[in-house]
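Close look at the chain arrangement
Residue-level listing of the chains:
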Amino acid sequence: MGFEKYYSLLSLIKAGKRQADRFDVVTFDLFDTLVIRRMHDPDLVKMPVARFIAARSVRNGHSISAEKVQQLRDDIESRHRAETGLHFDDHEACYPQFMTEVLQEVFQSSDVSALLEEVTQYELFMEQQMIVPRAELVKWLRELSSQGKRVFVVSDIYLPAAHLRILVEKAGFLDAVEDVISSADSFLAKASGKAFPLLQERYALSKDGWLHVGDNPISDGLRPAEFGIDAMVLHDASEKRRKAITKRYLNYSKGLPFWRGRALQQLMLPYEGENERKPDLYREGHAFLAPIIGGFIQHIAEKCVAGNITKIFFLAREGYTFKRFWERAMPALYPDGGLPEIEYLYVSRMALAGASCAHQGLTKVNAHIAFLPPGNRDFRDICRIYKLDCDKFQSLLSRYNLEKDTCLSAMHPGYDPAHQMALESMLTDCDFQEEVKRQTGPASEAMLRYFEDVGFFDHKQVAVVDIGWLGTIQRFLYEAVSHRQDCPRIFGFLFGATRGIPYPSNPDNNLEGVIYDKHRFDLAGSTVLYARDLFEEACRAPHPTLNGYTLTPEGYELEFRQVDDTIGKAELEQDEYYAPLQQGVLDAAERYGAASSLLGYSLDDYKPWFNYLMISKLAFPKTREIASIRHKHHLDDFQGQHKVPTAGRAARWTSLWQYPIYRLRFSPLLRLRLFIRHLHERIRE
Amino acid sequence: MKRILNNNFDLTGSEVFRISRTYILSRFIPLGNFNSGPNLRCLFTLAVLHYFSRPIFWIMVRQEQLVTRSYNTMKQIVQSRR
């Protein structure tokens, strides 16, 4: 009997299959053999657990830092190992035993069983997130099992077999193994070779026809060979290389903040069987958008916890993806709970615009907002946006020498400042404002009933989360509810705040751009302006936009835009096109939570890397990347149907992402020229 | 259709060479705040690990004792010079 070393997984499996007939029993090592860990050092998983215990200790009034918890755990575990060494050959420790002692020490209490259960669940959850089954080896294990061979999983680790079974089940092959054995239960480990006689006795195994497979030349090679069974040792060069790379990223990230985001991504990456060929859109969602959205969501969570914000409303429709990301990422980041409630709120600029006028009337600023999109031109566009009946204003318009089609936008020919002055005079007319309030009253009432239903007024402080850009949804929302006594303080978090029109911030209603905010000079962040539609499409919910709120005898109804017209169909087509991108984002969400929790970093740490990502993917993208991810159709009901005269091609292509493929490919220094133009524009702002 | 993690354990679409190119460009025109930046030595090490280390690890796993001995000797020399 002896053992053979194999330098790749495939050569080991090939040799194993060749000899399989000789064996009736196969025992597999678990870690670094059947499963690998995403990180190079298994101890890294202990730090988030220490943070969890530290957070819980603060809540229970026994404040202790995560570092001290970690030190305590190490000390107690070492002591347990030394004590075990007095009676056994192996210096093993058992997780429930030493962790109970750690918790007793931290919380100064003898009854910590409930807490131990929570801590254990979180540690196992983090382990589950970090382990990846080796697809080829698991496939062979399943083959052996189906051939009627007895298959066992044996591990030298502090986690007892009951915990290992949970990990093996998560890895997806518990049904193919007869039992899972851990050294933590018996303190008889493979390292001393004592585990093998134990197995022989417990399961009545014969040394003949017994093969052991593992990665440690001593525990999995020499010891079984000494015991008299065959062994195969995996000495995988590729796996060593992967770990060396991961180790560099994690170590560099400690000293160089630039690498923190890259280290995060290294831990989020799919390995082994997870790493399948995927469409370009999926890859961009997973490797480009997901980390940035993750940083955005994590920042909101931190702000809400620190600011005692008790409910977050993710605003339709981009909030849909943010909310789903939150649901997947937060269990790893906040195992201790303490997070605000979350809710998806059906709103839109069009739906809230009318409701915002029910109590304050149509303000000068809101009338001005209607003319920000170049497609809007006259009073009919104001009526369309604020849900007003244009014909009912005929006499008022005549009073101010205006017509329904009088040009009121400076972007269109025929504009006369005198008409703008006349409009502003009309806005001060009480008759006009009374008519506006009368017409928008029912929609406002329906909206308030909906908001009451979702508990908007049940909290003192709420957050609203949206993609961007001007903050008009939040502006209209606040104006529609601010008259109520129970109106909560509203904290707005936008992915990007372009602030094309000044936002009226006050202590009860403020707004922050997280990834980009025009109020902060952030050159890399400003590249989101290159492809705003991309972020909207990537996050958009798969339901049509909300047109408004309708008052009904029973309460209210949400009125969605039709989907059977040309625009509706185009939008459906667009949703299908972007489905892989959104799937990539959501698939990465859980991994973001686990990876970020393991690293213990936040958005500020990741920002240098996100800046690089945005610069390279938005301002200096490859032509192939633009071709595969830029949008085809983008619906904006706020925008009217009027055409603005443009001057030549230059006016048509205002952003790199609008240029035709041949220009992107062959125009010399196009990206650099456009970036310098972008740079000038930002400085001029 | 490509894999997110390429055969060299690098991130498809944000490979270490692309990072290097962007970093070099950032030395000439302001691209934004990269904080510390990636550091040339780190970039070099990562480029070697990602793209040229396959034969190194091939030898390393086969001659582990020799490699470990050589590494320790080198480490001692470097430390003694400090």
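Residues numbered from 1 in each chain as written. Chains lettered and ligands numbered in written order. Predicted model: local features only at pLDDT ≥ 70, side-chain atom pairs only at ≥ 80, totals over all residues.

Digging into the nonpolar core
Residues and elements named next belong to chain A. Heads up, the condition is: The term nonpolar core refers to a set of buried Ala, Val, Leu, Ile, Met, Phe, Trp, Tyr and Cys residues connected through C-beta atoms within 7 Å. Our exposure labels follow a C-beta count within 10 Å of each residue's own C-beta, placed from the backbone: buried means 20 or more other C-beta atoms, exposed means 12 or fewer, and partly exposed covers the counts in between. A run of H or I in DSSP counts as a helix once it spans at least four residues, and a run of E counts as a strand once it spans at least two, with each numbered from the N terminus. Residues are scored as being in contact if the C-beta atoms we place from backbone atoms lie within 7 Å.
By size, the foremost hydrophobic cluster in this structure holds 208 residues, and its most contacted members are Val347 and Ala463. At twelve residues, the largest contribution of residues to this core is made by helix H13 (residues 280–307). Look past the residues within four positions of Val347 in its chain and what remains in contact with it is Leu315, Ala316, Leu352, Ile473, Leu477 and Leu546.

What about the pairing of strand S7 (residues 210–214) of chain A?
Look at any regular strand and the pattern is simple: side chains alternate between the two faces of the sheet. All names here are of chain A. The criterion, for reference: By convention a crossover is right-handed if, when the strands point away from the viewer, the path from the first strand over the helix to the second runs clockwise.
The element S7 is extensively covered by neighbouring structure, given that five of its five residues are classed as buried. A two-sided burial pattern is seen for S7, the buried positions comprising Trp210, His212 and Gly214 on one face and Leu211 and Val213 on the other. Handedness of the crossover joining S7 and strand S8 (residues 230–234) through helix H10 (residues 217–227): right-handed.

Quick look at the interface of chain B and chain A
For clarity, the cut-off: Three classes are used: nonpolar for Ala, Val, Leu, Ile, Met, Phe, Trp, Tyr, Cys and Pro, charged for Asp, Glu, Lys and Arg, and polar for all others, with Gly counted as polar.
Every contact between the two is made by 34 residues of chain B and, on the other side, 37 residues of chain A. Within the residue set of the side of chain B that touches chain A, elements represented by two or more residues are helix H1 (16–26), helix H2 (40–52) and helix H3 (54–62) of chain B. When grouped by side-chain class, the residues that make up the side of chain B that touches chain A number 17 nonpolar, 13 polar and four charged.

A look at the packing of helix H11 (residues 237–255) of chain A against helix H12 (residues 258–268) of chain A
Two numbers describe a pair of packed helices, the interaxial angle and the distance between the axes. Residue and element names in this part refer to chain A. What counts here: Axis definition: a line fitted to C-alpha atoms, over the contacting stretch in the case of helices. Angles run 0 to 180 degrees between N-to-C directions. Left-handed is the label given to a crossing in which the near helix is rotated counterclockwise from the far helix by less than a right angle, and right-handed is the label when the rotation is clockwise.
Packing of H11 against H12 leaves a shortest axis separation of 8 Å and a crossing angle of 145°. The chirality of how H11 crosses H12 is left-handed. On H12, the residues touching Thr246, Tyr249, Leu250, Tyr252 and Ser253 of H11 are Trp259, Arg260, Arg262, Ala263 and Gln266. Looking at the contact of H11 with H12 residue by residue, the class counts come to five nonpolar, three polar and two charged.

Some thoughts on the environment of Phe313 of chain A
Residue and element names in this part refer to chain A. Secondary-structure assignment places Phe313 in strand S9 (residues 311–315). Sequence separation between Phe313 and Ser667 is 354 residues; the distance between their C-alpha atoms is 45 Å. If we ignore the near neighbours within four places in the chain, the residues touching Phe313 are Glu343, Leu345, Val462 and Val464.

What about the confidence of the model for chain B?
Residue and element names in this part refer to chain B. How we decide: For every residue, the predictor reports its confidence as pLDDT, a number between 0 and 100.
Residues at a pLDDT of 70 or more form 100% of chain B, whose mean pLDDT is 92. Confidence scores differ between elements of chain B, with helix H4 (residues 64–81) showing the lowest mean pLDDT of 88 and H2 the highest of 96. Predicted as a complex, the structure gets a pTM of 0.92 and an ipTM equal to 0.93.

Some remarks on the sheet that holds strand S2 (residues 25–29) of chain A
By definition, the strands of a sheet pair up through backbone hydrogen bonds, in either a parallel or an antiparallel sense. All names here are of chain A. For the record, the criterion: For two strands to pair, DSSP has to find at least two bridges joining them.
Strand order in the open sheet formed by six strands is S1-S8-S7-S2-S5-S6, with parallel pairing between adjacent strands. Only two strands of the sheet have a single neighbouring strand rather than two, namely strand S1 (3–6) and strand S6 (179–182). For this sheet the average axis-to-axis angle between neighbouring strands, irrespective of direction, equals 20°.

Examining helix H6 (residues 135–146) of chain A
All names here are of chain A. Formally: To estimate the expected span of a helix, subtract one from its residue number and multiply by 1.5 Å. What the arc covers is the set of directions going from the helix axis to the C-beta atoms.
The first and last C-alpha atoms of H6 sit 16 Å apart over twelve residues, in line with the 16 Å expected at 1.5 Å per residue. Listing the buried residues of H6 in full gives Leu137, Trp140, Leu141 and Leu144. Down the axis of H6, the buried set is contained in an arc of 105°. They therefore lie on one face. Looking at the packing, one finds that the buried side of H6 touches helix H1 (9–19), S2 and strand S5 (150–155). Just beyond H6, the residue with positive phi is Gly148, at close to 90°.

A look at the sheet that holds strand S10 (residues 341–345) of chain A
All names here are of chain A. Pairing in this open sheet of five strands is parallel, and the strands run S10-S9-S11-S12-S13 from one edge to the other. A single partner strand is all that each edge strand has here, and the edge strands are S10 and strand S13 (509–517). When the angles between neighbouring strand axes are averaged without regard to direction, this sheet yields 25°. Summarising the sheet, S9 and S10 pair through five bridges and their orientation is parallel. Note that in S10 the partner of Lys311 across the bridge is Glu341.

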